[in-house]
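Single-letter residue listing:
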Amino acid sequence: MDLEELRSRRATARLRVRRRRRLAVAGVGLIAIVALTVGLLVRAGGPASSAPKPTRRVGRATGTHTRARSSASAVGVTGRPGREAVPILMYHVIAAAPPAAPFPGLYVQPTEFAAQMQALERAGWTAVTPDQLLDNWRHGAALPSGKPIVVSFDNGYHSQFAEALPILRRLGWRAEENIQLTGLPPSQGGLSSSEVRGMIASGWELDTQGISHADLITLNAAELREQVAGARAVLRHRYGVPVNWFCYPSGHYDATVIAAVRAAGFVGSTTVVPGWAHPSDDPYRLHRLRVLGGTSPTALLSLISATRTNPAAPSSFTVG
C-alpha cells in the first residue's frame, strides 16, 4: 500500500466517524423534541382529537335524540338558586305592516327592532333563553354578563329568521322561537324547516304555541292533549331539541290548560300578561311584555322599567 492510498483510507475513516457523531447528536435532539411535545399534550389534556365530544341524550317521552341541557353538574353552577327577576319581550312580525294587516301593531319594522336591541345593549341588558333562565333560578347556573332579558318571537314568521336573527347575531344574542306547528307556509311568510334549523344552529331556543294556535280553553281533553303534548312530541322528533316551554296561544289559559302543559313535560309556560318573570312565580304563568310597532327605544326602556313590580299573573286568563 503506497503513502497516498494510506492517506486516503485514513481520511475516509475520519469522515465516517464525523458522520456517526452528527447522526447521534441529531437523534438525541429528536428524542428531546418528542418528549417535550408529549409533555405539553399531557398538560393540555391531550390532543384536540381526543377532546370530549358534545353528548346527546335520548328523550324519555319520545325516544328521540335531544340536545343535552345545562344542569346542576354544568360548569359555572353555584348550587345557589338565582333570585333575579327578568323581563321577557314578545315580538311577532319584523317587517312593515301591509295596508290591509288586521293587527298592524304586531308588525315591528327591522330598523325599529335594531334600534330597540341596540338601546337594550347600551342600557346593560344581555339576551338569554328561558332554559338558561330556569337553570339559573333552580341551580344557580351562571348567566352571561349584563342584566338578563329574554327576547321571544311567536308564531314562526319568516321575517324572524330573515330580519331579527342577523340583528341579534351582531350583538352575540340568542332568542326564543315559540313556533306554531301548522303555521304559515313559507309561501305566505312562514318559516321553513331549514330556517328553523338555522335558528337552532345560531343558538336560538325552540319552544311552541301548539299545533294550530287553537283557543285551548275551548277544547275537549283529547284535543287539548293533541295541541299541547302532540306538538312537543313532533318538534322534539323533527329538530332534536328539548322544547321545554309552552306559550299560550292568544294568552288564553285556565287550570285545565296548565295541567295539560305540565303533563306534557313542559317545565313552564308564558302568558301575555305584562310584567317581569320572577323566580318565585308559578313557572306556568310567567309574564311577558308585548312590543308593538312604533315603540321607540326610549319607550321600550320605560315599559320595562314600569312593569317590574306588576302583580303575579292570574290563575286564568282570556279576552272576551
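Residues numbered from 1 in each chain as written. Predicted model: local features only at pLDDT ≥ 70, side-chain atom pairs only at ≥ 80, totals over all residues. Heavy atoms only, no water.

Describing the nonpolar core
To be explicit about the condition: Here, the term nonpolar core denotes a set of buried Ala, Val, Leu, Ile, Met, Phe, Trp, Tyr and Cys residues that are joined through side-chain atoms within 4.5 Å. In this scheme, a residue with accessible area under 20% of its type's maximum is buried, one over 50% is exposed, and one in between is partly exposed, where area comes from a 1.4 Å probe on protein chains only. Only heavy atoms matter for contacts: two residues are in contact if any of them lie within 4.5 Å across the pair.
Membership of the largest hydrophobic core comes to 55 residues, with the highest contact counts inside it found for L89, Y91, F113, M117, L120, F153 and I304. Beyond its immediate chain neighbours, meaning those up to four positions away, F113 contacts Y91, I94, V108, V151, F153, A164, I167 and L168. Ranked by size, the runner-up nonpolar core spans 11 residues in total, among them V128, W245, V267 and L286.

Let's talk about the packing of aromatic side chains
Convention followed: Pairing of aromatic rings covers Phe, Tyr and the six-membered ring of Trp, with a centre-to-centre limit of 6.5 Å; geometry is then stacked below 30 degrees between planes, edge-to-face above 60, and tilted otherwise. Under the scheme used here, helices are H or I runs from DSSP no shorter than 4 residues and strands are E runs no shorter than 2 residues, and both carry numbers assigned from the N terminus. Geometrically, a charge over a ring is one whose NZ (Lys) or CZ (Arg) sits within 6 Å of the ring centre while staying within 35 degrees of the ring normal.
Counted according to the given criterion, the structure contains eight aromatic pairs. Both rings, one in F153 and one in W204, keep their centres 5.2 Å apart while their planes meet at 20°; by these two values the pair is stacked. With F153 in strand β5 (residues 147-155) and W204 in the loop between α5 (193-201) and β7 (205-210), this residue pair connects regions lying 51 residues apart in the sequence. The burial state of F153 is the same as that of W204; both residues are buried. Site record: aromatic cluster; members linked through ring pairs are Y91, F113, F153 and W204. The side chain of R232 reaches across the aromatic face of F266, ending 5.3 Å from its centre.

Quick notes on the side chain of H92
Counting through the fold element by element, H92 comes out in the loop between β3 (86-91) and α2 (110-122). For H92, the contacting residues outside a window of four places in its chain are L106, F153, D154, N155, Y157, Q160 and R290.

So, the environment of G189
Mapping G189 onto the fold places it in the loop between β6 (176-180) and α5. Non-local contacts of G189, meaning those with residues more than four positions away in its chain, are made with G156, Y157, H158 and L184.

Structural notes on the pattern of salt bridges
Convention followed: In the sections that follow, a salt bridge refers to a side-chain nitrogen of Lys or Arg positioned within 4 Å of a carboxyl oxygen of Asp or Glu.
Tallied over the full model, the rule gives two salt bridges. Note that R288 and D154 form a salt bridge whose closest N and O atoms lie 2.9 Å from each other. In this pair, R288 is assigned in the loop between β10 (276-277) and β11 (289-290) and D154 in strand β5, connecting sequence segments 134 residues apart. For D154, a relative accessible area of 2% gives the class buried. We note a salt bridge from R285 to D282, for which the minimum N-O separation is 3.1 Å.

Quick notes on the environment of N220
Definition in use: Whenever two N or O atoms come within 3.5 Å, that pair is a polar contact, provided that in protein one can donate a hydrogen and the other can accept it, and provided that, for residues adjacent in sequence, both atoms are side-chain atoms.
Within the element layout of this structure, N220 appears in the loop between β7 and α6 (221-239). Of note is the side chain of N220, whose polar atom sits 3.1 Å from the backbone nitrogen of A222. Polar side-chain contacts of N220 include one of 2.8 Å to the backbone nitrogen of E223.

Section: the side chain of E177
Where we set the bar: The positive count covers Lys and Arg only, the negative count covers Asp and Glu only, and His and the chain ends enter neither.
Structurally, E177 is set in strand β6. Of the buried charged residues, E177 lacks a salt bridge, with R288 as the closest side chain of opposite charge at 9.2 Å. Only 3.1 Å separates the side chain of E177 from the backbone nitrogen of G156, close enough to count as a polar contact. Residues in contact with E177, not counting those within four places in the same chain, are F153, D154, N155, G156, Q160, L191, M199, W204, E205, L206 and D207.

Quick look at unusual backbone geometry
Located in the positive-phi region is N155, a residue other than glycine, with phi close to 80°. Its location among the elements puts N155 in strand β5. With a relative accessible area of 11%, N155 lands in the buried category. The backbone phi angle of S250 is positive, close to 60°, even though this residue is not glycine. Within the secondary structure, S250 sits in the loop between β8 (245-247) and α7 (255-263).

Focus: the pairing of β3
Note the cut-off: Criterion used throughout: strands pair if DSSP finds at least two bridges between them.
Among the six residues in β3, six count as buried, and that is most of the element. Where burial is concerned, the two faces of β3 agree: the one with V86, I88 and M90 and the one with P87, L89 and Y91 are both buried. As judged from the two bridges shared by β3 and β10, these two strands associate in the antiparallel manner. Bridge pairing in β10 links V86 to A277.

Here we look at α7
Test applied: Working definition: the arc comes from the directions between the helix axis and the C-beta atoms, pointing outward to the latter.
Within α7, burial applies to V257, I258, A260 and V261. Down the axis of α7, the buried set is contained in an arc of 160°. They therefore lie on one face. Pointing more than 90 degrees away from the buried face of α7 are the exposed residues A255, T256 and A263. Considering only its buried residues, α7 is in contact with α6, β8 and β9 (268-270). With a side-chain oxygen positioned 3.1 Å from the backbone nitrogen of T256, the residue opening α7 is D254.

Quick notes on the pairing of β5
Using the following cut-off: Whether a crossover is right-handed comes down to one check: with the strands pointing away from the viewer, does the path from the first strand over the helix to the second run clockwise; if it does, it is right-handed.
Counting buried residues in β5 gives eight out of nine residues, a clear majority hidden from the surface. With four bridges connecting them, β3 and β5 associate as parallel partners. Looking at the pairing, I88 lines up with V150 of β5. Bridge count between strand β4 (residues 125-128) and β5: four bridges; the pairing is parallel. Residue pairing in the sheet places V128 in a bridge with V150 of β5. Pairing of β5 with β6, which is carried by four bridges, proceeds in the parallel orientation. Each bridged residue has a counterpart across the sheet, and for N155 the counterpart in β6 is I179. Handedness of the crossover joining β5 and β6 through helix α4 (residues 158-171) is recorded here as right-handed.

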